[in-house]
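Breakdown of the fold
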Amino acid sequence: MHGVPRHTPVAEVDWPALEHAYGDASDVPGWIDGLTEADTVEAALHELWGAVLHQGTLYDSTPPAMMAIAALLGARQTADAENTAWLLLMFADTVRDYEQLDMDDAETAVIVRSARDSLTAIAALVQPLISDDGPEAAAAALLQADSRTVDSAVPQMLAARAGVRPAGQVEQACVATLTTLGADVTAVLADGDPGLAMAATLARIGAGDGATADLDLLVAGWELAVEVAPNVAFGVDNLPEWLSAVDSGAAAHVLAALPTPDEATIAGLVEVVLGSRGNAAAAVRRLLALATLPESTPETMIAALRQCPPTPEVRDALAALAERVTTGGISTFGSTAFHTDARADAAFALLRAGDGRWSRPMARALLTNPAARGLMVATSASGRSALGHALVSEQAPPASMLVASILQALRQNPPTEPSQDGAGHLVALLASWPAEATADALPAVRELLEVAPKQAAGALAAWGDTAGIDHVRTASHGGDATVLLALARMTRDPADFHPVLDADLRYTESAVLEHWADRTDPRFLDWCRGLVGTEVAVSVFERGNQVTALRILADLDSGHVATGWPALRGILDAGTEPIEDAIGLALDWRARQLLPAEAVTDLEALLADLVVTDRKNYNGPLVKTSVVAAIALLDLGLPLPGTPARITKVVARAVADSWARDLGIRLTERLTAAPAVVRRSVATKLRAFADRDERFDSTGDIAVEDERALARLRPILHTLETC
């Protein structure tokens, strides 16, 4: 591991021995040189940001690269000083983010220490810019606050610049940095410059030192603060959201006190809800009050309230707001525009909350929106999905009014952009409901065989629509594997099944494995053996097909266990998905005594190793793997390997991980019979999670999922702490 805690000339760094996001860092010097020329600076900044600071990630090449960049900037040799300074501020922000994490990876810890040390050198290298004007001069001032070993001359330099009049962006940045460093700014503020006073106020709040008087000043001078904030804190495009990020309590106090909140303020209140358990109630109360105002925009308030914990009051407000919406809208993501309807978003939130009122606004959106066939619905604070797909994922129950409204949407003309035609997703939703609930939809779905042949044929097969066989047979002439499989499911004729295997089966294998009627068919079994192969497949879905095919083959002939064990073991040892299915199959074979004795011993040892040794991919440790293996060992009646600290680490990482949380809580439940030292260790760690103000990360609506996780976790914790 390479750390460079001082400024080192570019030529003296062994760049090929360092790494960035895309491999060794031998190309970094060329990018740094590119900063000096007008025709290459834009590309160089893009490469440095994308590789050396990729998505806010630190690599061992990042600190020396950033110091080299700072040297060029401080010497006024960059062709784009403003964006070069922005890159350095992004680096400093990334270091602070890393330092807030509970790092247990020694390699990463070394990089973070090196990055922190480099900020001292960077601050010194850019000091000369403080005497200049412009964003890069303000950035140079702000970077002084990131140095832990401030030169005694720096406060004097900052104070001298802060005293320049008329005060502007750079002077405000200097005052903010002086305030953050704990310096006395009384003399600088003596003439009462309002921008400088607000800079000091914001800096105190940002450092966590803001008093009630500061918050009141912020409320009184809100419009000025909106102007000043981008000059004194990196990346402030939205003052309410910045305030929520640095001090949720202050945000709840200030944002609730603003007399005429705008969309940015509402977004800030939402950020309080998402980021703070303790301050969420005050923010939710303010949002609910705003939702009742006649002048409030129902679409904006629905987007805000659907991210709040689904209390009865929130659900009532969502239902009431949905009644006020009469039309849809258009949202953009990048260069793509798509149709939305706040009624559908409100309905989706009510559905997730188990509130039966969801079907009314959903039906109204589908019945009255001329773009209902292509609607996208919010599935999280930042994600959207085709409406039908989202409802299938949420296992939306059928309702007669919904069937009628979906049919009306399906009768609409397709969108001009084919990729935004949600007809297939709506048909898939219909297919997820029983045939008796969707009988009226049969004629319309048959007609859609030309538009959405895969989904329509799948729906008719799921409903057992024998009267539609001829329609599906006609559609199958195109040779699509999904349609051919649907036809075979409907006729149950081996002569219809075999053509499926002659089609292009990419991404269709799992459906063929699920629906093949005669599992003794020699041709089908040969195809299954081909899926298994001898090596672990590369992709997740291919490995999933391997596991399923192994199960089918072994169920028919236990002799396949011996030949299939190496492939299954390879999937287990890699620790990658589908790890739950793979372990489940291995345990099934063990329970049925199909595994030879040496394989049983090997399996138990491998499960133990998965618990105590992290399997990793490019994103780091595979959190899910260790916890699934631990549950499997307990299912076998075997003790968990490793120290109490290791078991605690496995549990805590899983509970903290949005994709493995359910498994982590399930493992926690199983530990009530563990040794007392393990129970105490796990309970202490998870108690810290349960009592902290920060919410759990989430794959959907953060506050909603956090509340549900806490509701499950707290009684288990009580048992661990008292048993």
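Our subject is the structure that appears above.
It should be emphasised that the depicted structure is a prediction, and the values quoted were computed from it without experimental measurement.

Below, the discussion takes up the overall build of the protein. Per the secondary structure count, the protein includes 38 helices and 8 strands. Each principal axis of the C-alpha distribution contributes one length, and for the protein these read about 90 × 65 × 65 Å. Entry remark: accessible area of the protein is about 31,800 Å², with carbon and sulfur atoms responsible for 52%. Charged side chains in the protein number 55 positive and 95 negative. The centres of these two groups are separated by 8 Å.

When you line up the elements, Ser380 lands in the loop between β5 (376-378) and β6 (384-386). Accessibility expressed as a relative area gives 15% for Ser380, which makes it buried. Of the polar contacts made by the side chain of Ser380, one reaches the backbone nitrogen of Gly383; its length is 2.9 Å. Once you skip the residues sitting within four places of it in the chain, Ser380 turns out to touch Arg306, Thr699, Gly700 and Asp701.

Pairing between side chains becomes possible if they bear opposite charge and their charged atoms approach one another. In the structure shown here, the tally under the stated rule is 45 salt bridges. Where Lys624 meets Glu580, a salt bridge forms, and the shortest distance between an N and an O atom there is 3.0 Å. A residue pair is termed long-range when its members are at least 10 positions apart, and Lys624 in helix α34 (residues 623-635) and Glu580 in helix α32 (residues 579-591) qualify at 44 residues. In this structure Glu580 comes out as partly exposed when scored by relative accessible area, which is 33%. Here the salt bridges do not stand alone but share partners, grouping Arg569, Asp573, Asp602, Asp609 and Arg615 into one network.

Before going further, it helps to examine the pairing of strand β4 (residues 336-340). Side chains on a regular strand alternate between the two faces of the sheet. Inspection of the sheet shows strand β3 (residues 329-333) paired to β4 by 5 bridges, in the antiparallel sense. What sits directly across from Gly329, in β4, is Thr340.

Turning next to the packing of aromatic side chains. Centre-to-centre distance and the angle between the planes together describe a pair of aromatic rings. Applying the stated criterion across every chain, the model contains 6 aromatic pairs. When the ring of Phe524 is compared with that of Trp527, the centres are 6.0 Å apart and the planes differ by 35°; the resulting orientation is tilted. Taken as a pair, Phe524 and Trp527 lie in helix α29 (residues 522-532) at a separation of 3 residues, close to a single helical turn. For the pair shown, Phe524 and Trp527 are each scored as buried. Every member of this aromatic cluster is reached through a ring pair, and the members are Phe497, Trp516, Phe524 and Trp527. Stacked on the ring of Phe696, the Lys or Arg Arg277 has its end atom at 5.1 Å from the ring centre.

Where helix α3 (residues 62-74) contacts helix α4 (residues 81-99), the axes come no closer than 10 Å and their chain directions differ by 145°. Along this stretch, α3 crosses α4, giving a crossing that reads as left-handed. Contacts between α3 and α4 involve Thr62, Pro63, Met66, Ile69, Ala70 and Leu73 from the former and Ala81, Thr84, Ala85, Leu87, Leu88 and Phe91 from the latter. Class assignment for the residues of the contact of α3 with α4 results in 10 nonpolar, 2 polar and no charged.

Locating Trp15 in the fold gives a position in the segment before β1 (19-20). With relative accessibility at 4%, the residue Trp15 sits in the buried group. As a C-alpha pair, Trp15 and Ser26 span 11 residues in sequence and 4.9 Å in three-dimensional space. In this structure Trp15 touches Val10, Ala25, Ser26, Val28, Pro29, Ser61, Pro64 and Ala65, once residues within four positions along its chain are discounted.

This next bit is on the environment of Arg687. With respect to the helices and strands, Arg687 occurs in helix α37 (residues 676-691). Accessibility expressed as a relative area gives 25% for Arg687, which makes it partly exposed. When the C-alpha positions of Arg687 and Leu717 are compared, they lie 7.1 Å apart, and in sequence the two are 30 residues distant.

The rules behind the values
Per chain, residues are indexed from 1 in the order of the written sequence. Residue-level local features of this predicted model are given only where pLDDT is at least 70; pairs of side-chain atoms are given and counted only at 80 or more, and the full residue set underlies all totals for whole chains, interfaces and linings. To get the side-chain values, all heavy atoms of the structure are used, and hydrogens and water are removed first. Starting at the N terminus, helices and strands are each numbered in turn, a helix being any DSSP run of H or I of at least four residues and a strand any DSSP run of E of at least two. Each accessible area is a Shrake-Rupley result for a 1.4 Å probe, and residues are judged covered by the shown protein chains and nothing else. We count Lys and Arg on the positive side and Asp and Glu on the negative side, and we leave His and both chain ends out. The atom standing in for a charge is NZ when the residue is Lys, CZ when it is Arg, CG when it is Asp and CD when it is Glu. Type-normalised accessible area, obtained with a 1.4 Å probe on protein chains alone, sets the label of each residue: buried when under 20%, exposed when over 50%, and partly exposed for intermediate values. Nitrogen and oxygen atoms within 3.5 Å of one another constitute a polar contact, given that in protein one can donate a hydrogen and the other can accept it, and given that sequence-neighbouring residues count only through two side-chain atoms. Throughout, a contact is declared for two residues whenever any of their heavy atoms are within 4.5 Å. Salt bridges are defined as contacts in which a side-chain nitrogen from Lys or Arg sits within 4 Å of a carboxyl oxygen from Asp or Glu. Two strands qualify as a pair provided that DSSP identifies no fewer than 2 bridges between them. Geometry of aromatic contacts follows a simple scheme: Phe, Tyr and Trp rings, the Trp one being its six-membered ring, pair when their centres are within 6.5 Å, and the pair is stacked under 30 degrees between planes, edge-to-face over 60, tilted otherwise. The criterion is that NZ of a Lys, or CZ of an Arg, lies within 6 Å of the ring centre and within 35 degrees of the ring normal, and then a charge sits over that ring. Angular values range over 0 to 180 degrees, each being the angle between N-to-C directions of two axes fitted as lines to C-alpha atoms, with helices fitted over their stretch in contact. Note on convention: the crossing is left-handed when the near helix lies turned anticlockwise from the far helix by less than a right angle, right-handed when the turn is clockwise. Think of it as three bins: nonpolar holds Ala, Val, Leu, Ile, Met, Phe, Trp, Tyr, Cys and Pro, charged holds Asp, Glu, Lys and Arg, and polar takes everything else, Gly as well.

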